[in-house]
Amino acid sequence: MKIKKQRVVKIIEQLDAIIAKMEVDEAQLQEILQAVDDKYAKSAQNLVNYVSFRSFDVRVMQKYLKNLGLTRFVNAQSHIKASVLTIRYLLGLVVEERTKDALAKQWSVKEGQKQLRINTKNLLGKTNSERRVRIMVTQPTEAAENYDLVKQAVEKGMDIARINCAHDSPEVWSKMIANIKKAAAELNKTVKIAMDLAGPKIRTGEIVPGPRVLKCKSQKDALGKVVALGHVIMVSEADYAATPNTLPIASGDLSQLAVDDVLKLADARGRKRKLKVTTCENGRVIAETEKTIYFQSEMVLRRKADVSLELVVGDLPPLANAITLKTGDKIWIRKEQALGSPAEFDEDGGLIQPAIISCQMPEVFDYIKAGDRVFFDDGKIGGFITDVDEGVFEVEISRARATGAKLMAYKGINFPDSELGFFGLTEKDRTDLAFVAAQADIVNFSFVNRPQDVTELYEELRKLGALERLGIVLKIETQFGFENLVPILLEAMKTGNVGVMIARGDLAIETGWENIGQIQQEMLSICGAAHIPVIWATQVLENLAKSGLPSRSEITDATTALRAECVMLNKGPYINQAIELLDIILSKMEASQNKNEAMLPRLSSTLKVNA
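Worth saying up front: this structure is predicted, and the values here are computed from it rather than measured.

A. Looking closely at the overall build of the protein. Assigned secondary structure in the protein consists of 17 helices and 29 strands. Across its three principal axes, the protein shows a C-alpha extent of roughly 100 × 55 × 55 Å. Residues classed as buried in the protein amount to 50% of the 611 residues present. Across the protein, every contact between residues at least 6 apart in sequence was considered, and the portion connecting residues at least 24 apart equals 74%. Here the protein displays about 28,200 Å² of accessible surface, and carbon together with sulfur accounts for 48% of that area. Taken together, the 81 basic and 80 acidic charged side chains of the protein have centroids lying 8 Å from each other.

Have a look at this one:
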């Protein structure tokens, strides 16, 4: 390639402008930079330098540098000023500049990457395998009672166990933690415990419970042939925990059963069914069926060879109910905390009353107005407010599955058009924080919107004597939090071991589905510049965790997570299969990929250094 000096001079002029901007911004923000903890001093400076750099559109420069075989700055977040000065010096040689003043000592490429590794290890702990990216796994309620479930998760590759304080209770959390620590010790592995503060998350209220039944069915292929028998685990009522496929037996001696025994019953629909015993061990009996069975309380199971042996099913928990919504339907959101219910119709199918559900944060009624958009359950259901009254507002559904979307209790509600005045720690957060500070390794701080939110958390942790010990992950879930990311990080760097979670579910709704791709890339770059580890969260391998079968797009999404330092998986019946697959994907891909290459236009105009 023929080098045109005039072109090189233009590139040098832009680099000089970038360097000058870095120096001006450093001087203007000197007070803020001096306030950070010593261990973050260079990281904070590099972050400010990166924001200065990204205030320029360098895409033309990138293309030219690529043709010269030089760095394009795509992976230079952790050492941006050193890269800019080095390229400036090399291009100066092309136009016969001999000065080396531009190579004044800066944080080198190696040092910047090393600092990120150190910060990651301090926050997330060492990995239990050769892979760089950690795996965080949300613990279901069953993890409190089902030790084998937890142990398998650790065996499959879980590095960090996540407990969400929005669900369950301190008693359940304590049991979860005990099982996690027991499994880690037994397998000689390190597993960090992270606990999410619920934050001002707006959720749906409870719904009238469903029937008290347990469904057991086989799996069939496309031709209707059974490929896996349905199974049920029978235990005494005293040993019962509400876990999938487990049936409590209120009376009858399970110890009298043997392998190959056949049990007869009439299920909840009155259909005659049979179960064949396959396993008898440790007070548990596992039986299989080829046909679907609906079990209910007080149902009687009799041994075919000896009908005198009767097993009576104990109390089953009610199934979680749901409200089915289609496009064009209306739903009332109630301020009062009362059980929600599906729509009511008359005998001719005429609507008597729309579906109704309560909002667990009634304060939203002070901020919403007709015309505002509303999204439920990570955006799976969408609509807009048509009417607002003192105690209820009406939403017309404009987006849902054609066959109907199911809205359940405790699902998130987002109001992207409403300026809600909710910030910082809730009263529940303050109460839960005492438990978290005593029992966890990491606190995940939900809905961080402003630097003041970080200050408030630090003050509470300082009172609890946990600020220096506890790792802190800032969950960015709103447009406001994204816009304030740089000042939030600079405030967080005043102390502690800090990370950022990109909560893509809420963030996509808040910022728009069409923008989330760019936004998550910008967040990764900004955190990389600050040497702050990132947790990639929301819906990673969700189909696999919930249904046992991953989608192709999920696999691609999982590989994209290699740009982060940790990936979070959510709970589901097949969560351990999801952990195993993610461990394989990350381990294989890390051999050939570290960071993705990207073009660098100016950062979004909404990003700022000062909040």
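B. Representation of the sheet that holds strand β9 (residues 262-266) within the structure. Read once around its circumference, the closed barrel built from seven strands follows the order β7-β8-β14-β13-β9-β10-β11, with strand pairing classed as mixed. Between one strand axis and the next, the sheet turns through 40 degrees on average, direction left out of account. The pairing of strand β10 (residues 272-281) with strand β11 (residues 284-289) spans five bridges and is classified as antiparallel. Residue pairing across strands places Val277 opposite Ala287, the latter belonging to β11.

C. Here's a closer look at the packing of aromatic side chains. This model, assessed by the stated rule, comprises six aromatic pairs. Arranged with centres 6.1 Å apart and planes meeting at 65 degrees, the rings of Phe393 and Phe415 form a pair that is edge-to-face. Of the two residues, Phe393 is situated in strand β22 (residues 392-399) and Phe415 in the loop between β24 (413-414) and α9 (427-439); the sequence distance between them amounts to 22 residues. On the basis of relative accessibility, which here comes to 3%, the residue Phe415 falls in the buried class. Cluster of aromatic residues (ring-pair linked, three or more members): Tyr50, Phe53 and Phe73. Directly above the ring of Tyr147 sits Lys182, whose terminal nitrogen or CZ lies 4.3 Å from the centroid.

D. Structural detail: the pattern of salt bridges. Counted according to the given criterion, the structure contains 31 salt bridges. Of the charged contacts in the structure, one is a salt bridge between Arg303 and Asp306, with a shortest N-O distance of 3.7 Å. Residue classification places Asp306 among the partly exposed positions, given a relative accessible area of 32%. The residue Lys494 makes a salt bridge to Glu491 at a minimum N-O spacing of 3.0 Å. The structure contains a network of salt bridges with shared partners spanning Glu427, Arg430, Glu456, Glu460 and Lys463.

E. Region of the structure containing the sheet that holds strand β29 (residues 566-569). Reading around the barrel, the eight strands line up as β1-β2-β3-β25-β26-β27-β28-β29 and close back on themselves, with parallel pairing between neighbours. Strand-to-strand twist in this sheet, taken as the mean axis angle between neighbours without regard to direction, amounts to 25 degrees. Against the sheet, helix α13 (residues 504-511) makes contact with β26 (471-476), β27 (497-503) and β28 (534-537), and its axis sits at roughly 60 degrees relative to β27, the strand it touches most.

F. Quick look at the environment of Gln337. For Gln337, the position within the fold is in the loop between β16 (330-334) and β17 (344-345). Through-space distance from the C-alpha of Gln337 to that of Gly391 is 11 Å; in sequence the pair is 54 residues apart. Look past the residues within four positions of Gln337 in its chain and what remains in contact with it is Ser358, Cys359, Gln360 and Pro362. Engagement of the side chain of Gln337 in a polar contact is seen with the backbone oxygen of Lys335, the distance being 3.3 Å.

G. Examining the pairing of strand β19 (residues 355-358) more closely. Of the two faces of β19, both are covered, the one formed by Ala355 and Ile357 as well as the one formed by Ile356 and Ser358. As paired strands, β16 and β19 are joined by four bridges and run parallel to one another. Bridge pairing in β19 links Ile331 to Ala355.

H. Representation of the nonpolar core. Among the nonpolar cores identified, the biggest contains 112 residues, and Phe73 and Met195 are the most heavily contacted of them. The contacts of Met195, once residues within four sequence positions are left out, are Ile163, Cys165, Trp173, Ile177, Phe435, Val436, Ala440, Ile442, Val443 and Asn444. In terms of nonpolar packing, the next biggest core, distinct from the first, is built from 27 residues, Ile357, Met361, Val364 and Ile385 among them.

I. Fine view of the packing of helix α7 (residues 147-156) against helix α8 (residues 170-186). Two numbers describe how α7 lies on α8: the axes approach to 9 Å, and their chain directions differ by 50 degrees. Regarding the angle of α7 to α8, the classification is oblique. Once α7 is placed against α8, the crossing between them reads as right-handed. Between α7 and α8, the contacting residues are Tyr147, Val150, Lys151 and Val154 on the first element and Asn179, Ile180, Lys182, Ala183 and Glu186 on the second.

J. Structural view of the side chain of Gln77. Summarising the element assignment, Gln77 is placed in the loop between α4 (59-67) and α5 (80-94). According to the relative accessible area criterion, Gln77 is buried, its value standing at 10%. Apart from residues no more than four positions distant in its own chain, Gln77 is found in contact with Asn46, Tyr50, Ser525, Gly528, Ala529 and Arg563.

K. A look at helix α16 (residues 552-560). Of all the residues in α16, the buried ones are Glu554, Asp557, Ala558 and Thr559. Packing partners of the buried residues in α16 comprise α13, β28, α15 (542-547) and α17 (575-589).

L. Representation of the environment of Tyr294 within the structure. Along the chain, Tyr294 falls in strand β12 (residues 293-296). With relative accessibility at 25%, the residue Tyr294 sits in the partly exposed group. In sequence terms Tyr294 and Lys151 are 143 residues apart; their C-alpha atoms lie 30 Å from each other. In this view, Tyr294 contacts Leu214, Lys215, Asp267, Ala268, Arg269 and Met299; residues no more than four positions away in its chain are not counted. Within polar-contact distance, the side chain of Tyr294 engages the side chain of Lys215 at 3.4 Å.

M. Layout of unusual backbone geometry. For Phe73, which is not glycine, the phi dihedral falls at a positive 70 degrees. Relative to the elements of secondary structure, Phe73 occurs in the loop between α4 and α5.

N. Highlighting the environment of Leu257. By the element assignment, Leu257 lies in the loop between β8 (246-251) and β9. With 20 residues separating them in the primary sequence, Leu257 and Val277 have C-alpha atoms 7.8 Å apart. Ignoring anything within four residues of it in the chain, the contact list for Leu257 reads Leu263, Cys280, Val285, Arg303, Leu309 and Leu311.

O. Just the packing of helix α1 (residues 5-28) against helix α3 (residues 41-53), in detail. The geometry of α1 relative to α3 is characterised by a closest axis approach of 9 Å and an angle of 135 degrees between their N-to-C directions. Judged by the inter-axis angle, α1 sits oblique to α3. Of the two possible hands of crossing, α1 and α3 adopt the one that is right-handed. The segment α1 lies against α3, with Ile18, Lys21, Met22, Asp25 and Glu26 engaging Gln45, Val48, Asn49, Ser52 and Phe53.

P. Broad picture of a positive patch on the surface. Side chains of Lys220, Lys264, Lys272, Lys274, Lys291 and Lys304 sit close together on the surface and give a patch of like positive charge. Tracing the backbone through its elements, the reader meets Lys274 in strand β10. What makes Lys274 partly exposed here is its relative accessible area of 47%.

Rules of the game
- Residues numbered from 1 in each chain as written.
- Predicted model: local features only at pLDDT ≥ 70, side-chain atom pairs only at ≥ 80, totals over all residues.
- Heavy atoms only, no water.
- Helix = DSSP H or I, 4+ residues; strand = E, 2+ residues; numbered from the N terminus.
- Buried < 20%, exposed > 50% of the residue type's maximum accessible area, 1.4 Å probe, protein only.
- Contact = heavy atoms within 4.5 Å.
- Areas by Shrake-Rupley, 256 points an atom, 1.4 Å probe, with all protein chains shown as cover.
- Lys, Arg positive; Asp, Glu negative; His and termini not counted.
- Charge placed at Lys NZ, Arg CZ, Asp CG, Glu CD.
- Pairing = 2+ DSSP bridges.
- Axes fitted to C-alpha atoms, helices over the stretch in contact; angles between N-to-C directions.
- Phe/Tyr/Trp six-rings, centres within 6.5 Å; stacked < 30°, edge-to-face > 60°.
- Lys NZ or Arg CZ within 6 Å of the ring centre and 35° of its normal.
- Salt bridge = Lys/Arg side-chain N within 4 Å of Asp/Glu carboxyl O.
- Polar contact = N/O pair within 3.5 Å; in protein donor to acceptor, adjacent residues only side chain to side chain.
- Core = buried A, V, L, I, M, F, W, Y, C linked by side-chain atoms within 4.5 Å.
- Parallel < 35°, antiparallel > 145°, perpendicular 65-115°, else oblique.
- Left-handed = near helix turned anticlockwise from the far one by under 90°.
- Patch = residues over 30% accessible without salt bridge, like charges linked within 9 Å, V, L, I, M, F, W, Y side chains within 5 Å.

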